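Observations on the model geometry
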Amino acid sequence: MAEPVPLPADPMELKTLEYRPVKVRGHFDHSKELYMMPRTLVDPAREAQEAGRLTSSVQSGAYVITPFHCTDLGVTILVNRGFVPRKKVNPDTRRKGQIEGEVDLVGMVRLTETRKPFVPENNPERNHWHYRDLDAMAKLTGADPIFIDADFKSTVPGGPIGGQTRVTLRNEHLQYILTWYGLCAATSYLWFKKFMRRTPGL
């Protein structure tokens, strides 16, 4: 993984930094937690062991998104602190993990998402978030629309498990397939029209 760089002061720079590790210093505001759910724990070792199995021991829960005031920059960002099982979503069940005071964090920059087909709408009233809508999340919490996934080293006893980044690269294979099949169909139609017209009188 690349060496973390300080979080840029200019939010426009972040558009080219997705999946880039950055470092910040500041404190959490646990009173405004958001929950992305349902989610499962990113655990590469377990996933490798269970590859090819019909059943899995995966546990359902949520990602805990917490406003984080960056002392040096004077801005508040959103931090995905990590995964908690469903029974630990309520912060009263994990008081030991609610970090107080200033801390140093390293995390991956994440950009906003658009809702994919079949993904439910976000429900801010119930605090259920299915995808990263940074503008809506920022508006609700009073933060800036800046989001990082805290790394695994941020994990504290009783708190969320950090390091919950799944790298998803843009996939344009379907677009290529549709383009080439469309060209093929158009070419076939023109060829048929030119050479396979019915003979008059038949």
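Reference entry: report on the structure contained in this document.

Reading guide: rules and limits
Residues numbered from 1 in each chain as written. Predicted model: local features only at pLDDT ≥ 70, side-chain atom pairs only at ≥ 80, totals over all residues. Heavy atoms only, no water. Buried < 20%, exposed > 50% of the residue type's maximum accessible area, 1.4 Å probe, protein only. Helix = DSSP H or I, 4+ residues; strand = E, 2+ residues; numbered from the N terminus. Pairing = 2+ DSSP bridges. Salt bridge = Lys/Arg side-chain N within 4 Å of Asp/Glu carboxyl O. Arc of directions from axis to C-beta. Contact = heavy atoms within 4.5 Å. Core = buried A, V, L, I, M, F, W, Y, C linked by side-chain atoms within 4.5 Å. Phe/Tyr/Trp six-rings, centres within 6.5 Å; stacked < 30°, edge-to-face > 60°. Lys NZ or Arg CZ within 6 Å of the ring centre and 35° of its normal.

Things to note about the pairing of strand β4 (residues 60-70)
Counting buried positions along β4 yields nine of 11 residues, so the element is predominantly enclosed. Direction of pairing for strand β2 (residues 21-28) relative to β4: antiparallel, over a ladder of three bridges. When the sheet's bridge partners are listed, Gly-26 is paired in β4 with Cys-70. In this sheet, β4 lies alongside strand β3 (residues 34-40) in antiparallel orientation, the contact comprising five bridges. Along β4, the bridge assignment pairs Met-36 with Tyr-63. Taken together, the 10 bridges between β4 and strand β5 (residues 75-85) define a ladder with antiparallel strand orientation. Within the sheet, the bridge partner assigned to Gly-61 lies in β5 and is Pro-85.

Concerning the pattern of salt bridges
Oppositely charged side chains can form a pair if their charged atoms are brought close together. Under the criterion given, the structure shown has nine salt bridges. In this structure, Glu-18 engages Arg-110 in a salt bridge whose closest nitrogen and oxygen atoms are separated by 3.3 Å. Linking Glu-18 in the loop between β1 (5-6) and β2 with Arg-110 in strand β6 (residues 103-110), this pair joins segments that are 92 residues apart in sequence. Its relative accessible area of 29% is what places Glu-18 among the partly exposed residues. Between Asp-104 and Arg-25 there is a salt bridge, with the nearest N and O atoms lying 2.8 Å from each other. Of this pair, Asp-104 sits in strand β6 while Arg-25 is found in strand β2, placing the two residues 79 residues apart along the sequence. By relative accessible area, which is 34% here, Arg-25 ends up partly exposed.

Structural notes on helix α2 (residues 134-141)
Those residues of α2 lying buried are Leu-134, Met-137, Ala-138 and Thr-141. Across the axial projection of α2, the buried residues extend over an arc of 100°, all falling on one side. Across α2 from its buried face, at more than 90 degrees, point the exposed residues Asp-135 and Lys-139. On its buried side, α2 packs onto β3, β4, β5, β6 and β7 (147-150). Remark: Gly-142 follows α2 within two positions and exhibits a positive phi of approximately 80°.

Structural notes on the nonpolar core
Grouped together as the largest cluster of nonpolar side chains are 17 residues, with contacts concentrated most on Leu-7, Val-24, Phe-68, Ile-77 and Val-79. Of all the secondary-structure elements, those providing two or more residues to this core are β2, β4, β5, β6 and β7. In this view, Ile-77 contacts Leu-7, Val-24, Thr-66, Pro-67, Phe-68, Cys-70, Ala-143, Asp-144, Ile-146 and Ile-148; residues no more than four positions away in its chain are not counted. The next biggest cluster of nonpolar side chains, apart from the first, holds 13 residues, and it includes Tyr-63, Ile-65, Met-137 and Phe-147.

Observations regarding the packing of aromatic side chains
This structure, assessed with the given rule, holds one aromatic pair. Ring geometry for Phe-28 versus Phe-68: centroids 4.9 Å apart, planes at 70°, classification edge-to-face. Of this pair, Phe-28 sits in strand β2 while Phe-68 sits in strand β4, placing them 40 residues apart in sequence. Judged by its relative accessible area of 9%, Phe-28 falls in the buried class. With relative accessibility at 0%, the residue Phe-68 sits in the buried group. Lying across the ring of Phe-147, Arg-132 places its NZ or CZ 5.7 Å from the centre.

Re the environment of Thr-168
Within the secondary structure, Thr-168 is located in the loop between β7 and α3 (173-195). Judged by relative accessible area, which is 56%, Thr-168 ranks as exposed. Residues Thr-168 and Tyr-19, spaced 149 residues apart in sequence, show a C-alpha to C-alpha distance of 9.6 Å.

Considering the pairing of β6
Counting buried residues in β6 gives six out of eight residues, a clear majority hidden from the surface. Here β6 runs beside β7; their pairing, made up of four bridges, is antiparallel. Paired with Met-108 across the two strands is Asp-149, which belongs to β7.

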